[in-house]
Amino acid sequence: MPQAGQVNTQFGVYKNLCCGAEIVITKGAIFPDCPNHLQLTTIWKPVDFEMTLTKKVIQKKEESEPAA
Ligand SMILES: [Zn+2]
């Protein structure tokens, strides 16, 4: 997984493991340090944005259906 200071090779949403903060990083941009943990090597985990979106749609659908 990419770390702070590395150059991003794939545009996407990334979440850091220490705080769970989500950022969007474009290709060629450098992964930043976590603002709360400047001393640590921040690891950024790619977030499957489409999957997150799909989950939200499914949740909304379930909420709109009447309870059995
Ligand atoms: Zn942090």
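See the structure above.
Visitor: Describe the side chain of Asn16, listing the residues and the values that go with them.
Guide: For Asn16, the location among the structural elements is in strand 1 (residues 12-16). A relative accessible area of 1% means that Asn16 is categorised as buried. Side-chain polar atoms of Asn16 contact the backbone nitrogen of Cys19, separated by 3.3 Å.

Visitor: Give a description of the coordination of the zinc ion that names residues and reports values.
Guide: Each pair of donors in an ideal octahedron of six around a metal sits at 90 or 180 degrees, and each pair in an ideal tetrahedron of four sits at 109.5 degrees. Note on the zinc ion: its protein donors are Cys18 (SG), Cys19 (SG), Cys34 (SG) and His37 (ND1). The metal-donor distances range over 2.0 to 2.3 Å. Considering all four donor atoms around the zinc ion, the spread of angles at the metal, 103 to 119 degrees, places the coordination shape in the tetrahedral class. Read in sequence order, the donor residues coordinating the zinc ion give the pattern C-C-x14-C-x2-H. Here Cys18 is found in the loop between strand 1 and strand 2 (22-25), whereas its partner Cys34 is found in the loop between strand 2 and strand 3 (44-47), with 16 residues between them in sequence. Residue class for Cys18 comes out partly exposed when judged on its relative accessible area of 37%. Accessibility expressed as a relative area gives 1% for Cys34, which makes it buried.

Visitor: Describe the sheet that holds strand 3, listing the residues and the values that go with them.
Guide: Strands pair in a sheet through their backbones, by hydrogen bonds, and they do so in one of two ways: parallel or antiparallel. Spatial strand order, 2-1-3: three strands in an open sheet with antiparallel pairing. Lying at the two open borders of the sheet, with one neighbouring strand each, are strand 2 and strand 3. Each adjacent strand pair in this sheet contributes to an overall mean axis angle of 40 degrees, direction not counted. Sheet topology places strand 1 next to strand 3; four bridges connect them, and they run antiparallel. Within strand 3, the residue paired with Tyr14 across the bridge is Pro46.

Thresholds applied
Residues numbered from 1 in each chain as written. Predicted model: local features only at pLDDT ≥ 70, side-chain atom pairs only at ≥ 80, totals over all residues. Heavy atoms only, no water. Helix = DSSP H or I, 4+ residues; strand = E, 2+ residues; numbered from the N terminus. Buried < 20%, exposed > 50% of the residue type's maximum accessible area, 1.4 Å probe, protein only. Polar contact = N/O pair within 3.5 Å; in protein donor to acceptor, adjacent residues only side chain to side chain. Donors = N, O, S within 2.8 Å, 3.2 Å for Na, K, Ca; no water. Tetrahedral: all angles 85-135°; square planar, octahedral: opposite > 155°, others 65-115°. Pairing = 2+ DSSP bridges. Axes fitted to C-alpha atoms, helices over the stretch in contact; angles between N-to-C directions.

Without other data, these values stay purely geometric and don't point to any function.
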